[in-house]
Amino acid sequence: MASKRHDCPWRERAEKLEAQLATVVERLNALEHTNKLAHKQIVGPKRERMPTPDQEARAKEEKKARGGYTNAKKRKENQEALARIPATIVAHPIPDEERRCPHCGDEVKPIGEGDKSTEYEWLPGRLERRVHIVEVGRCPCKQHYARGPAPQRVKEGCLYGPAFLAKLAIEKCADATPIYRVEKAMRRAGIPIARSTLNDLVLTAADVLEPLWQVALGEMRCDPHLQADETSMRVQSRMDRVFVWTFLSPVHTVYIFSPSRSGETPRVVLGGTTGSLTVDGYTGYNDVTDVDGRERTGCWSHARRYLFDALDSAPEARGGLDVILELFIIERDAQAQGIVGTPKHLALRKEQSAKIIERLRVWREEMTSHFEPKSPMGAALRYMKNQWSRLTPVRRRFASSP
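The model shown is predicted, which means the values in this text are computed figures rather than measured ones.

Turning our eyes to something else, we now look at the sheet that holds strand β5 (residues 136–138). If you walk across this open sheet you meet the 3 strands as β2-β5-β6, and the pairing is antiparallel. Sheet topology places β2 (109–110) and β6 (145–147) at the edges, where each strand pairs with a single neighbour. Bridge count between β2 and β5: 2 bridges; the pairing is antiparallel. Bridge pairing links P110 to G137 in β5.

Taking 1.5 Å as the rise per residue, helix α9 (residues 317–337) with 21 residues should run 30 Å; its terminal C-alpha atoms sit 31 Å apart, in good agreement. Among the residues of α9, A317, G320, L321, V323, I324, L327, I330 and A334 are the ones counted as buried. Positive phi shows up at G338, right after α9, with a value of about 70 degrees.

What follows covers the nonpolar core. Judged by nonpolar contacts, the single largest core of 28 residues is most densely connected at W300, L307, L360, W363, M377 and W388. Those elements that place two or more of their residues in this core are α8 (300–309), α9, α10 (343–368), α11 (376–386) and α12 (388–391). Tallying contributions element by element places α9 first for this core, with 7 residues. Not counting residues within four places of it along the chain, the set of residues in contact with M377 comprises L307, A310, A314, E316, A317, W363 and F371. Membership of the second largest hydrophobic core comes to 18 residues, among which are C158, Y160, F164 and I191.

Let's shift gears to the packing of α8 against α9. It is at 9 Å that the axes of α8 and α9 come closest, and there the two elements cross at 155 degrees. Classified by the interaxial angle, the pair formed by α8 and α9 is roughly antiparallel. Where α8 crosses over α9, the handedness of that crossing is left-handed. Two secondary-structure elements touch here, α8 through W300, S301, R304, L307 and F308 and α9 through A317, G320, L321, I324, L327 and F328. Split by residue class, the contact of α8 with α9 holds 8 nonpolar, 2 polar and 1 charged.

To continue, consider the packing of aromatic side chains. For the structure shown, the criterion picks out 5 aromatic pairs. Seen from their ring centres, Y160 and F164 are 5.2 Å apart, and the 25 degrees between their planes marks the pair as stacked. For Y160, a relative accessible area of 9% translates into the label buried. On the accessibility criterion, F164 (0% relative accessible area) is buried. A centroid spacing of 6.0 Å and a plane angle of 85 degrees characterise the contact between W300 and W388, whose relative ring orientation is edge-to-face. In this pair, W300 is assigned in helix α8 and W388 in helix α12, connecting sequence segments 88 residues apart. Neither W300 nor W388 differs from the other in exposure class; each is buried. What links up through ring pairs into an aromatic cluster is the set W245, Y282 and Y285. The lysine or arginine in question, R261, covers the ring of Y282, its NZ or CZ lying 3.8 Å from the ring centre. Here R364 stacks its cationic end above the ring of W388, 5.0 Å away from the centre of that ring.

Where helix α4 (residues 162–174) contacts helix α6 (residues 195–222), the two axes come as close as 9 Å, and the packing angle between them is 95 degrees. Taken together, the axes of α4 and α6 are roughly perpendicular relative to one another. When α4 is examined against α6, the residues F164, L165, L168 and K172 are found in contact with a partner set consisting of L198, L201, V202, T204 and A205. Of the residues that constitute the contact of α4 with α6, the class distribution is 7 nonpolar, 1 polar and 1 charged.

Attention now goes to unusual backbone geometry. Most peptide bonds take the trans form, and the phi angle of most residues other than glycine is negative. Although it is not a glycine, A176 adopts a positive phi angle of roughly 55 degrees. In this structure A176 comes out as exposed when scored by relative accessible area, which is 59%.

Our next topic: a nonpolar patch on the surface. Judged by side-chain polarity, V24, L28 and L31 come together as a nonpolar surface patch covering roughly 290 Å² of accessible area. Mapping V24 onto the fold places it in helix α1 (residues 9–43). Residue classification places V24 among the partly exposed residues on the basis of a relative accessible area of 43%.

Here we come to the pairing of strand β9 (residues 253–258). With burial as the criterion, only one face of β9 is covered, namely that bearing V254, I256 and S258; the residues T253, Y255 and F257 on the opposite face remain uncovered. Bridging between strand β8 (residues 242–248) and β9 involves 6 bridges; their strand directions are antiparallel. Each residue of the ladder has a partner; that of F247, found in β9, is V254. What sits between β8 and β9 in their antiparallel hairpin is a turn of 4 residues.

How each quantity is defined
Residues numbered from 1 in each chain as written. Predicted model: local features only at pLDDT ≥ 70, side-chain atom pairs only at ≥ 80, totals over all residues. Heavy atoms only, no water. Pairing = 2+ DSSP bridges. Helix = DSSP H or I, 4+ residues; strand = E, 2+ residues; numbered from the N terminus. Expected span 1.5 Å × (residues − 1). Buried < 20%, exposed > 50% of the residue type's maximum accessible area, 1.4 Å probe, protein only. Core = buried A, V, L, I, M, F, W, Y, C linked by side-chain atoms within 4.5 Å. Contact = heavy atoms within 4.5 Å. Axes fitted to C-alpha atoms, helices over the stretch in contact; angles between N-to-C directions. Parallel < 35°, antiparallel > 145°, perpendicular 65-115°, else oblique. Left-handed = near helix turned anticlockwise from the far one by under 90°. Nonpolar A, V, L, I, M, F, W, Y, C, P; charged D, E, K, R; others polar. Phe/Tyr/Trp six-rings, centres within 6.5 Å; stacked < 30°, edge-to-face > 60°. Lys NZ or Arg CZ within 6 Å of the ring centre and 35° of its normal. Patch = residues over 30% accessible without salt bridge, like charges linked within 9 Å, V, L, I, M, F, W, Y side chains within 5 Å. Areas by Shrake-Rupley, 256 points an atom, 1.4 Å probe, with all protein chains shown as cover. Salt bridge = Lys/Arg side-chain N within 4 Å of Asp/Glu carboxyl O.

See below:
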């Protein structure tokens, strides 16, 4: 017996609720998708990572050995284009003291055209192809062989000169230019060098310059006044974020890569040194700012950042920002006068900065009672209070001065 449809107000209401629920689910799915896109734009890659059909087709092919070009035609075209660059002959003759045979006294005779090798070097605005010709000679008595000095290379087997490596390092590190853009610019200029080769040359430059980095690290450690901070970043080889630690002295800026934010990095870099260390409130620096370590001083830029982040919900933060700005203006004046680190600089801080810091302390205490501790403004005021003794170490010295 077929069931009869039961119509009643409750059924109609249930159907309406079911339709509304479907609409809500659809909206939630749309919002979830929008949220994922926004999250990708904020913390994810900035360009589309979807593979092209050509990339997917190549992925299904049999894997080939890595290294070198898989496209023989492209490799041949690049070699021909580099060969068309005008060449400069660099001769390496046999030294005069070796031109005479020590056995018979005759002058050595050249053997062929000499040993040839090619090097690509960067000159302002262009790439130069240098052909080194090392003269090779032999005495008629065949008991004495001689050859000219070999050309100096950045690294054994490297076909590119130091100026070219320096150009890549500056574009990659100082100008923050991605290597794929460097490759495109060079191809437009008639310099067809593969991106993999450019990446290898940047790593070669890093290996060659490591002794200079070690010297800068040693000199930085000896400086009595240092600043430090750490910045997180994403890499393609791991899911977790990695960190680049920055150690700044008046002369050197040293960067250190670390897979974690633990205090191991500052302990290895600054362990056993003395002086002052200006950092934020991160506890990872505690091991190097103990009794036998460096004196920890606070950072006004971080205190200012907390107030700036609270501006949207608390316009009163502008008052604190304006007072802190006065401190920065005094330091700018000292730098313009060329008195940074001198007794005149200390006198300027005693006369002007100490009064501004006292005004800021009074303002901070007045504002504290008006905001919830967990609000953005409350967090900014709490950070300043917790860091106050570190933000004002000079003020303590002022109090003990006559």
